[in-house]
Amino acid sequence: PAIEMVKIFQVQLEHYEKVEGKELSLEGKANQLSGMVRGNLPAAMQGLAVVPLFAGYDDRRGIGRLYQFDVTGGRYEERDYATSGSGSLHASTVLKLGFRNDMDADAAIDLALRALWHAADEDSATGGPDPIRGIYPIVATIDSDGFSKVAEEHVAERVAVLTDGLR
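A brief look at the structure comes next. (Residues numbered from 1 in each chain as written. Predicted model: local features only at pLDDT ≥ 70, side-chain atom pairs only at ≥ 80, totals over all residues. Heavy atoms only, no water.)

**A closer look at the sheet that holds strand β2 (residues 63-69)**
We apply this condition: Should DSSP find at least two bridges between two strands, the strands are taken to pair. Counting from the N terminus, the helices are the DSSP runs of H or I reaching at least four residues and the strands are the DSSP runs of E reaching at least two. To obtain an axis, a line is fitted to C-alpha atoms, over the contacting stretch when the element is a helix, and the angle between two such axes runs from 0 to 180 degrees between their N-to-C directions. By the convention used here, residues are in contact when the closest approach between their heavy atoms is within 4.5 Å.
What the three strands build is an open sheet, ordered β1-β2-β3; its pairing is antiparallel. The sheet is open, and its two edges are formed by β1 (53-58) and β3 (75-78), each paired on a single side. Within this sheet the neighbouring strands show an average axis-to-axis angle of 30°, counted without direction. Sheet topology places β2 next to β3; four bridges connect them, and they run antiparallel. Its bridge partner being in β3, Q68 is matched across the sheet by Y76. Packed onto the sheet, helix α2 (residues 26-39) meets β1, β2 and β3 and runs at close to 10° relative to β2.

Take a look at the structure:
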């Protein structure tokens, strides 16, 4: 359901751009996604909940913005970080303790990987990095230049540093 929602969301945004001749604002996109989550409520009540995080760079305001949703489609703008899922309590604690406003991209990547590692360690339903099998999370940065996927090799290096530190 989550992947299907992403595909439909992308199509809706493309349709808006073709009809209006301009891109929907970041806040407008968050509102659109909120409606989609709300529309999924019947399926969520049957155990197929989709509760996304939505982040992007707001060209109109010149800042990054982050939105968290609840299962009813409630939209909440977060200031610095957000987590979602069954391990989110553990990940959120790591983020809360480690977050600084002046972090560079590598420090933020390290913090996100540490949060995911601890969430996976405490919650059996949270998947974390698996260096033995070469399975790593998809990590990306978002800034005024747009979305940039971090190379898996770089993520693997950062996970290796993390695991060495945990030993």
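Now that the structure has been shown, we can carry on.
**Things to note about the packing of helix α4 (residues 88-98) against helix α5 (residues 105-122)**
Note the following rule: Put simply, a crossing is left-handed when the front helix is turned counterclockwise from the back one by less than a right angle, and right-handed when it is turned clockwise. In this count, Pro and Cys sit with the nonpolar residues alongside Ala, Val, Leu, Ile, Met, Phe, Trp and Tyr, while Asp, Glu, Lys and Arg are called charged and the others, Gly among them, polar.
Closest axis-to-axis distance for the α4/α5 pair is 7 Å, and the angle between their directions is 145°. Relative to α5, α4 is oriented so that their crossing is right-handed. Here H90, A91, V94, L95 and G98 of α4 lie close against α5, whose contacting residues are L111, A112, R114, A115, H118, A119 and E122. Of the residues assigned to the contact of α4 with α5, the class counts are seven nonpolar, three polar and two charged.

**Overview of helix α1 (residues 2-20)**
Which entries qualify depends on this criterion: Given a helix with a known number of residues, its expected span is that number minus one, times 1.5 Å. For the exposure calls, accessible area comes from a 1.4 Å probe over protein chains only, and a residue counts as buried if that area is under 20% of its type's maximum, exposed if over 50%, partly exposed in between. In this context, the arc is that of the directions from the helix axis out to the C-beta atoms.
With 19 residues, α1 should reach 27 Å at 1.5 Å per residue; the first-to-last C-alpha distance of 27 Å fits that figure. Those residues of α1 that fall on the buried side of the exposure criterion are M5, F9 and L13. Buried residues of α1, seen end-on, are gathered within an arc of 75° and therefore sit on one face of the element. Seen from the open side of α1, the exposed residues pointing more than 90 degrees away from its buried face are I3, E4, K7, V11, H15, K18 and V19. In this fold, the buried residues of α1 make contact with α2 and β1.

**Side note on the nonpolar core**
For clarity, the cut-off: What we call a nonpolar core is a set of buried Ala, Val, Leu, Ile, Met, Phe, Trp, Tyr and Cys residues that are connected through their side-chain atoms within 4.5 Å.
Membership of the largest hydrophobic core comes to 13 residues, with the highest contact counts inside it found for M5, F9, L33, M36, F54, Y67 and F69. Going through the elements one at a time, α1, α2 and β2 are the ones with two or more residues in this core. By residue number, the principal contributor to this core is α2, which donates five residues. For F9, the contacting residues outside a window of four places in its chain are K29, Q32, L33, M36 and F54.

**Some thoughts on the pattern of salt bridges**
Short version of the rule: Each salt bridge in this description consists of a side-chain nitrogen of Lys or Arg and a carboxyl oxygen of Asp or Glu lying within 4 Å of one another.
Per the counting criterion, the structure on display carries ten salt bridges. For R158, the salt bridge goes to D110, with nearest N and O atoms at 2.7 Å. Taken as a pair, R158 in helix α6 (residues 152-166) and D110 in helix α5 lie far apart in primary sequence, 48 residues in all. The exposure class of R158 is partly exposed, given its relative accessible area of 21%. Ionic pairing is found between D164 and R167, a salt bridge with its closest N-O pair at 3.1 Å. For R167, a relative accessible area of 78% corresponds to the exposed category. Residues joined by salt bridges that share partners form a network here, namely E27, D58, R61, R65, R75 and E77.

Keep in mind these values describe shape, not function.
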